[in-house]
Amino acid sequence: MTQAIVTKYIGPSNTRGSRIKATAWAGSVTVPYQSNLSSEKNHAEAARALATKYGWHGKFVGGGMPGGYVVVRPAAP
C-alpha cells in the first residue's frame, strides 16, 4: 500500500527548538530543524527519516501545501 507522508513545521517552545514532524498512516517521527538547510530540505529530511524508519525505499516525489509538504512514492507502472 502506498502511503503519503505529510510534514509539518513545529515552532520552538520554552524547552525544545524548532522541529519538523513527518506523519503517515504507519506512524510518525519528529526531527530537529536544521538552520543550515532550507525549509524545503528540512521537510525532505523529515520525510526521509520516516521512510528509513519503516524501510521504505525508492524514488519519492513531493510538493508544498498549506502548512507543510506532502511526499509520496509513485506506484509502479
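What counts as what
Residues numbered from 1 in each chain as written. Predicted model: local features only at pLDDT ≥ 70, side-chain atom pairs only at ≥ 80, totals over all residues. Heavy atoms only, no water. Core = buried A, V, L, I, M, F, W, Y, C linked by side-chain atoms within 4.5 Å. Buried < 20%, exposed > 50% of the residue type's maximum accessible area, 1.4 Å probe, protein only. Helix = DSSP H or I, 4+ residues; strand = E, 2+ residues; numbered from the N terminus. Contact = heavy atoms within 4.5 Å.

Visitor: Any details on the nonpolar core? Residues and values, ideally.
Guide: Ranked by size, the top nonpolar core spans 10 residues in total: Ile5, Ile20, Ala22, Ala24, Val29, Val31, Ala46, Ala47, Leu50 and Val71. Only β2 (19-24), β3 (27-32) and α1 (39-53) provide two or more residues apiece to this core.

Visitor: An account of the environment of Ala22 is needed here, citing residue identities and associated values.
Guide: Within the fold, Ala22 resides in strand β2. With relative accessibility at 0%, the residue Ala22 sits in the buried group. Along the backbone, Ala22 and Arg48 are 26 residues apart, and their C-alpha atoms lie at a distance of 8.9 Å. In this structure Ala22 touches Ile5, Val6, Thr7, Gly27, Ser28, Val29, Ala46, Ala47 and Leu50, once residues within four positions along its chain are discounted.

Visitor: Help me get a handle on the environment of Gly68, residues and values and all.
Guide: Its location among the elements puts Gly68 in strand β5 (residues 68-72). Residues Gly68 and Lys8, 60 residues apart in the sequence, show an inter-C-alpha distance of 4.6 Å. Excluding residues within four positions of it along the chain, Gly68 makes contact with Thr7 and His43.

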